[in-house]
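Descriptive structure summary
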There are 2 protein chains.
Amino acid sequence: MSSSERVVVVGFGPVAARFIDVLEPSVVSEAVQLTVIGSEADAAYNRVLVADVGVGRTSPSAIGLSDADRLASLGAEVLLGTGVRRIDRARRQVLLDDGTVRSYDRLVLATGARPVIPYLAGLNPDPLHPALPDGVTALRDLADARVLRAVVERRGDVVILGGGILGLEAALAAAEEGARVTVVHHGDYPLARNIDDGGGLVLASVLRSQGVRLVSGAKAVGLEQSGGGAFTGLRLDDGRLVSGDLLVLSCGVRPRVELAEGAGLPVSSGILVDHSLRAHHDEHVYAIGDCAEVRCASPSCGNCSGNTAPSGLIGPGWKQAEWLAESFAADLAGNGHRAAGGRLRAAGASSGSRRYVEAALPPVLMLKARGLDAVVAGDVSANPWAAHEDGTAVALWADPQQGSYAKMVTRNGVLQGLVCVGMPRAGAELVLLFESGAVLPSDRSSLLRLDGAEASSSASASVTDPASVVCRCAGVSRGSIEQAAVVGCSSVAEVSASTRAGTGCGGCHADIRTIIEQHFQQPASV
Amino acid sequence: MSSSERVVVVGFGPVAARFIDVLEPSVVSEAVQLTVIGSEADAAYNRVLVADVGVGRTSPSAIGLSDADRLASLGAEVLLGTGVRRIDRARRQVLLDDGTVRSYDRLVLATGARPVIPYLAGLNPDPLHPALPDGVTALRDLADARVLRAVVERRGDVVILGGGILGLEAALAAAEEGARVTVVHHGDYPLARNIDDGGGLVLASVLRSQGVRLVSGAKAVGLEQSGGGAFTGLRLDDGRLVSGDLLVLSCGVRPRVELAEGAGLPVSSGILVDHSLRAHHDEHVYAIGDCAEVRCASPSCGNCSGNTAPSGLIGPGWKQAEWLAESFAADLAGNGHRAAGGRLRAAGASSGSRRYVEAALPPVLMLKARGLDAVVAGDVSANPWAAHEDGTAVALWADPQQGSYAKMVTRNGVLQGLVCVGMPRAGAELVLLFESGAVLPSDRSSLLRLDGAEASSSASASVTDPASVVCRCAGVSRGSIEQAAVVGCSSVAEVSASTRAGTGCGGCHADIRTIIEQHFQQPASV
């Protein structure tokens, strides 16, 4: 045991699972002695798909990302349903709920994020230990999914508080599966924090046409409850009551930082880590995923200016997980572990040459649902009609009745922001152009035709570019998926197993299927 | 002489010229004894092109529409530079300025319209006899064109008051020919009475990019004049002064109705005529063109509900001229003129079966200039973002920096109004769809691609439809122009001589050239 590096991972969500996946060879070789501590009863599963479980489209087992028994058989210690009481950095130990301790050489915090519980009369205001009444859920874990499932199955009334991507996706799915759904939100339209006026209005109109009732400009103040305390309705500050059988709180998430805070580690929005994903002031502690904020201590670091708060998206978390596991393995190799069984270096020169840097571009928000595609990225606030002195120009397509909208904000021809609703191919192309920084064609309207009736076989060059990213969650290119088809993968599941494409939000499944079909010239199964 | 019908035409503009053209066989056969009375020194010329003469792009002789000597040689009496003092309906005579009279069996009033002279300090306010100071012109006749020409040739400062189609076309032409041009107008943007906000803003931006300075939201109050009384600047109500060498008044036109009014004929905006183009209450008097308002006496007539004011466009005037001349000829034939030399019937059964009805559709406003195409038709005010209960939907494309804009207002899929700026092919297609009442494709954005780089060889079906109108002024179809090419017309001038296509505003010359080139597979001359 003394020849092994003791790595303790706190949290067992998708990011921890990815980290463990990549670290697995070191576990098998016994270079690493791994302990994983998860607070839920289930091993890691794809949290992005919890709403799909909730509406009955998929099952808990289908969204599993890790197999606890298999990990144990490889020699890892897997503790499920186990809380961590505190971290003793001096002794390099974590203290568990059951009173036992685990010692570490390296501690990886992957505690994720918790739902924001709004201040509403009738809700317990303690954010760390929310005790939600019957009929109220934050739709964050599999237990929440079961609650939603029961209401959807009896075609009940679901009230969703919050107009963000996750709330809208849940709303659309529940409505399509037969529930009556009302989304209650602050702004004039959903996604109001990210989208522009025109896009928001088109989005709202499509949502309504999909059977989702919208209560806009609403401020919720409290719950109405039955004699037994169960949710019966949401009271708004103007006196209106939105009745329902289930309230889904979809008010965003906040990084889970209290363990780190309790251990005296610097925290901002998330646990502050440097470009080695190592906590400030403690070379034995790391953080990845929704709980981690990459911001180094140097005030002049160009990568750490601007907003460094965790994105809440799975893609960056998975990148961090892979980077950190590879970094550990590199440290191990740098120490000649194979020959001498030496320890991983906790803060070594070999990892010092690698830097983890978050993508400079603002994240791309994608709403993928049956009957509605929407994507928003960058700064989309520019007024199309204003004269801009700085090379900014705006091109706009709106056909609200058809549910389509596109806005392209460019500076000197390069996209600075985009909105695309109801035009999935144009949206995909615009995202590629946004991320590549390419100059748009001077006839911007040419980008609209990708979704036209005649366009199905004439995707633009960049959409068929092998380097273009198809699965944004896992960062898998078209070329990699085509290669998987070449070596025989003939279903989405096989491609996912081989490349990880499609293992995140699942929004790219149709694209993967198309690529397989193009290769085999016949329909592909999921 | 007693066997001839005495037809007196008052006015010798393009509409009178077309009337005389079509009536010519009856003049040659001496069935009609024709007198034409024009107040200008010149015979009819294409008034639409006066601004082109003013900037030196064409010559007075090139825009001539009638040959007074030739008419005289056919037996007509042509009086140029001659005013009509009054009409004596009881005696069926017109009294001329020179004191002589002309008797008529039928009197055709083609007195056209006069420029509106705004109330400005320094301008003579008598609208019937405007005495404009030096350096001020209404750009309505060839004398006005000569005044503009002198200023453009020395690259002087031209101030245009009014943001309508004619003012903008003059502004663009003068700017391109080297003058410094300022357009002063009421609204937030030019064409404010017809266009929507978005289209107006794009139009304004294109005008600026073409070198036209815009003074918007302006109310002019008076002239600044030199010691000798010549125009030196236009004073606005907020105190600003717009200096210049020439003021072009482009404030619209008003039908010239005073002769008819003086003779006690009913007048509204124009001289009221029925569906025989005959004045109310006088079966010997007719009116055509800009002075005529087709509105019959029946309050229940569906064709005469709504706005019946003269359109001010050449196309309807020419249609009236042709209809009336043909109607006269039909009366003649119905009376057995050829056999017996009998008179035209003034109010006969043979013409009673024909009805002249103005097109039910609102007129299509087209701005055609080098570097700027714009078209507006119908009701374009609908808000794209509003929910419409009546099947109204709005689709919108805007790329202000590229100078392109399109708005399609539909009801149940049929265009009710359109705006198109900077997209000539899309504009032409939309006009065809507007006039045909066809249902738009559900993907409205497909209409934008006609102007794309790839679209040159893939015009839509309706644009290549032989029945589609190419020359809107003369109402000539694509098929007629193709037929002219088949029989040997190999230049625009030859096609114009053969079909009249291209004899109006000239905006279709490029289209005619394209049709010729497609037929001969080689470049065509003008």
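These figures come from a predicted structure and were not determined experimentally.

This part covers the overall build of chain A. A tally of helices and strands in chain A yields 15 helices and 27 strands. Computed over C-alpha atoms, the radius of gyration of chain A comes to 24 Å, within 12% of the 24 Å expected from 2.2 N^0.38 for 526 residues, which places it in the range of a compact globule. Its C-alpha atoms give chain A principal-axis dimensions of about 70 × 60 × 50 Å. Buried positions account for 52% of the 526 residues belonging to chain A. Put simply, 61% of the contacts in chain A that link residues at least 6 apart link residues at least 24 apart. Counting every atom, chain A has about 22100 Å² of accessible surface; 48% of that belongs to carbon and sulfur. For chain A, the distance from the average position of its 46 positive side-chain charges to the average position of its 56 negative side-chain charges is 3 Å.

With that settled, consider the interface of chain A and chain B. Between chain A and chain B, the contact holds 26 residues from the first and 26 residues from the second. Between chain A and chain B, roughly 2200 Å² of surface is buried when both sides are summed, and carbon and sulfur atoms account for 60% of that area. Of all residues in chain A, A:Trp385, A:Trp397 and A:Arg449 bury the most surface against chain B, accounting for 29% of the area lost on that side. Put simply, the parts of the chain that give the side of chain A that touches chain B at least two residues each are α6 (197-209), β23 (392-399) and β24 (404-411) of chain A.

All names here are of chain A. In terms of residue burial, strand β1 (residues 5-10) counts as a mostly covered element, since five of its six residues are buried. Bridge count between β1 and strand β2 (residues 32-37): six bridges; the pairing is parallel. Across the sheet, the residue bridging to Arg6 is Gln33, located in β2. Read as a crossover between parallel neighbours, the route from β1 over helix α1 (residues 14-28) to β2 is right-handed. In this structure, β1 lies alongside strand β7 (residues 106-109), joined through four bridges in parallel fashion. For Val10, the partnering residue across the bridge sits in β7 and is Leu109.

To continue, consider the relation of the copies chain A and chain B. Once chain A is rotated about the relating axis by 180° and shifted along it by 0.1 Å, it coincides with chain B to within an RMSD of 0.1 Å. Taken together, the rotation and translation describe the operation of a two-fold axis. Considering only C-alpha atoms, the part of chain A nearest the rotation axis is A:Trp397, at 2.2 Å.

Further remarks concern the UniProt feature "domain: BFD-like [2Fe-2S]-binding" (unreviewed entry) in chain A. The positions UniProt marks with the feature "domain: BFD-like [2Fe-2S]-binding" (unreviewed entry) are residues 469-517 of chain A. Taken end to end, residues 469-517 of chain A is 53% helix and 10% strand, and its two terminal C-alpha atoms sit 18 Å from one another.

Turning to the pattern of salt bridges, a few remarks are in order. All names here are of chain A. Within this structure, the stated rule accounts for 61 salt bridges over all chains. Between Arg18 and Glu322 there is a salt bridge, and its shortest N-O distance comes to 2.8 Å. Of this pair, Arg18 sits in helix α1 while Glu322 sits in helix α8 (residues 314-334), placing them 304 residues apart in sequence. Under the relative-accessibility criterion, Arg18 is labelled buried at 5%. A salt bridge links Arg89 to Asp282; its shortest N-O distance comes to 2.7 Å. Here the residue Arg89 occupies a position in the loop between β4 (84-88) and β5 (93-96), and Asp282 occupies one in the loop between β18 (271-273) and β19 (285-287), the gap between them amounting to 193 residues. Owing to a relative accessible area of 25%, Arg89 belongs among the partly exposed residues under this scheme. Assessed through its relative accessible area of 9%, Asp282 is described here as buried. One salt-bridge network, held together by shared partners, links Arg18, Asp21, Glu322 and Arg500.

Okay, the sheet that holds strand β1 (residues 5-10) of chain B next. Residues and elements named next belong to chain B. Taken together, five strands build an open sheet; the order of strands is β3-β2-β1-β7-β19 and the sheet is parallel. The open sheet has two edge strands with one neighbour each: β3 (77-79) and β19 (285-287). Neighbour to neighbour, the strand axes of the sheet diverge by 15° on average, direction disregarded. With respect to the sheet, helix α1 (residues 14-28) is in contact with β1, β2 (32-37) and β7 (106-109), its orientation differing from that of β2 by roughly 155°.

Residue and element names in this part refer to chain A. Taken in spatial order, the three strands line up as β13-β14-β15 in an open sheet, and their pairing is antiparallel. Taken across any chain shown, the strands that pair with only one partner, and hence form the sheet edges, are β13 (220-225) and β15 (241-243). Mean inter-strand twist for the sheet, computed between neighbouring axes without regard to direction, equals 25°. Across three bridges, strand β14 (residues 231-236) lies against β15 in antiparallel orientation.

For the rest of this paragraph, the subject is the nonpolar core. Within the largest apolar cluster, 100 residues are counted, with the highest numbers of intra-cluster contacts made by A:Val181, A:Val212, B:Val181 and B:Val212. Residues contacting B:Val181, with those up to four places away along its chain left out, are B:Val158, B:Ile160, B:Ala171, B:Ala174, B:Ala175, B:Gly211, B:Val212 and B:Arg213.

Residue and element names in this part refer to chain A. Following the criterion strictly, the structure yields eight aromatic pairs over all chains and no others. Seen in terms of ring centroids, Phe19 and Phe328 are 5.7 Å apart; in terms of plane orientation they differ by 90°. Their pairing is edge-to-face. Of this pair, Phe19 sits in helix α1 while Phe328 sits in helix α8, placing them 309 residues apart in sequence. For the pair Phe19 and Phe328, a shared accessibility class is recorded, and that class is buried.

All names here are of chain B. Its 12 residues give helix α15 (residues 509-520) an end-to-end C-alpha distance of 16 Å, which sits within 8% of 16 Å, the value for a rise of 1.5 Å per residue. All of the buried residues along α15 are Ile512, Ile515 and Ile516. Projected down its long axis, α15 carries its buried residues within an arc of 100°, all on one side. Against the buried residues of α15 lie β26 (469-471), α13 (478-486) and α14 (492-499). After α15 finishes, the residue Gln521 shows a positive phi value of roughly 55°.

Moving on: the environment of B:Lys368. Secondary-structure assignment places B:Lys368 in strand β21 (residues 364-369). Beyond its immediate sequence surroundings of up to four residues, B:Lys368 is in contact with B:Glu169, B:Asp373 and B:Gly507.

Given 3.6 residues per helical turn, the α-helix brings residues three or four places apart onto the same face. Residue and element names in this part refer to chain B. Taking 1.5 Å of rise per residue, 13 residues should cover 18 Å, and helix α11 (residues 424-436) covers 18 Å from first to last C-alpha, within 8% of that figure. The complete set of buried residues in α11 reads Ala426, Gly427, Glu429, Leu430, Val431, Leu432, Leu433 and Phe434. Positioned one or two residues after α11, Gly437 has a phi angle of 70°, which is positive.

Attention now goes to the environment of A:Gly502. Here A:Gly502 lies in the loop between α14 (492-499) and α15 (509-520). Between the C-alpha atom of A:Gly502 and that of A:Arg472, which follows or precedes it by 30 residues, the distance is 8.7 Å.

Of the residues in chain A, 91% reach a pLDDT of 70 or more, and the chain-wide mean stands at 89. Predicted as a complex, the structure gets a pTM of 0.82 and an ipTM equal to 0.78.

Moving on, we get to the packing of α13(B) against α14(B). Helix packing for two helices is described by the angle between their axes and how far apart those axes are. All names here are of chain B. Closest axis-to-axis distance for the α13/α14 pair is 10 Å, and the angle between their directions is 115°. If you check the angle between α13 and α14, you find them roughly perpendicular. Seen along the crossing, α13 lies across α14 with a hand that is right-handed. Along the contact surface, α13 presents Ser480, Ile481 and Ala484, while α14 presents Val495, Ser498 and Thr499.

Moving on to the side chain of B:Ser477. Residues and elements named next belong to chain B. Relative to the elements of secondary structure, Ser477 occurs in strand β27 (residues 476-477). A relative accessible area of 17% means that Ser477 is categorised as buried. Apart from the residues lying within four places of it in its own chain, the contact partners of Ser477 are Pro466, Ala467, Ser468, Val469 and Val470.

Before going further, it helps to spend a moment on the environment of A:Glu224. Residues and elements named next belong to chain A. Mapped onto the fold, Glu224 is located in strand β13. Residues Glu224 and Ala359, 135 residues apart in the sequence, show an inter-C-alpha distance of 44 Å. Not counting residues within four places of it along the chain, the set of residues in contact with Glu224 comprises Ala230, Phe231, Thr232, Gly233, Arg235 and Leu241.

Here is what the cut-offs are and how they apply
- Residues numbered from 1 in each chain as written.
- Chains lettered and ligands numbered in written order.
- Predicted model: local features only at pLDDT ≥ 70, side-chain atom pairs only at ≥ 80, totals over all residues.
- Heavy atoms only, no water.
- Helix = DSSP H or I, 4+ residues; strand = E, 2+ residues; numbered from the N terminus.
- Rg over C-alpha atoms; globule rule 2.2 N^0.38 Å.
- Buried < 20%, exposed > 50% of the residue type's maximum accessible area, 1.4 Å probe, protein only.
- Contact = heavy atoms within 4.5 Å.
- Areas by Shrake-Rupley, 256 points an atom, 1.4 Å probe, with all protein chains shown as cover.
- Lys, Arg positive; Asp, Glu negative; His and termini not counted.
- Charge placed at Lys NZ, Arg CZ, Asp CG, Glu CD.
- Buried area = accessible area lost by both parts, 1.4 Å probe.
- Pairing = 2+ DSSP bridges.
- Right-handed = clockwise from strand over helix to strand, strands pointing away.
- Least-squares fit on C-alpha atoms with pLDDT ≥ 70 in both.
- UniProt positions renumbered as here; feature names shortened; annotations may be inferred.
- Salt bridge = Lys/Arg side-chain N within 4 Å of Asp/Glu carboxyl O.
- Axes fitted to C-alpha atoms, helices over the stretch in contact; angles between N-to-C directions.
- Core = buried A, V, L, I, M, F, W, Y, C linked by side-chain atoms within 4.5 Å.
- Phe/Tyr/Trp six-rings, centres within 6.5 Å; stacked < 30°, edge-to-face > 60°.
- Expected span 1.5 Å × (residues − 1).
- Arc of directions from axis to C-beta.
- pLDDT = per-residue confidence, 0-100.
- Parallel < 35°, antiparallel > 145°, perpendicular 65-115°, else oblique.
- Left-handed = near helix turned anticlockwise from the far one by under 90°.

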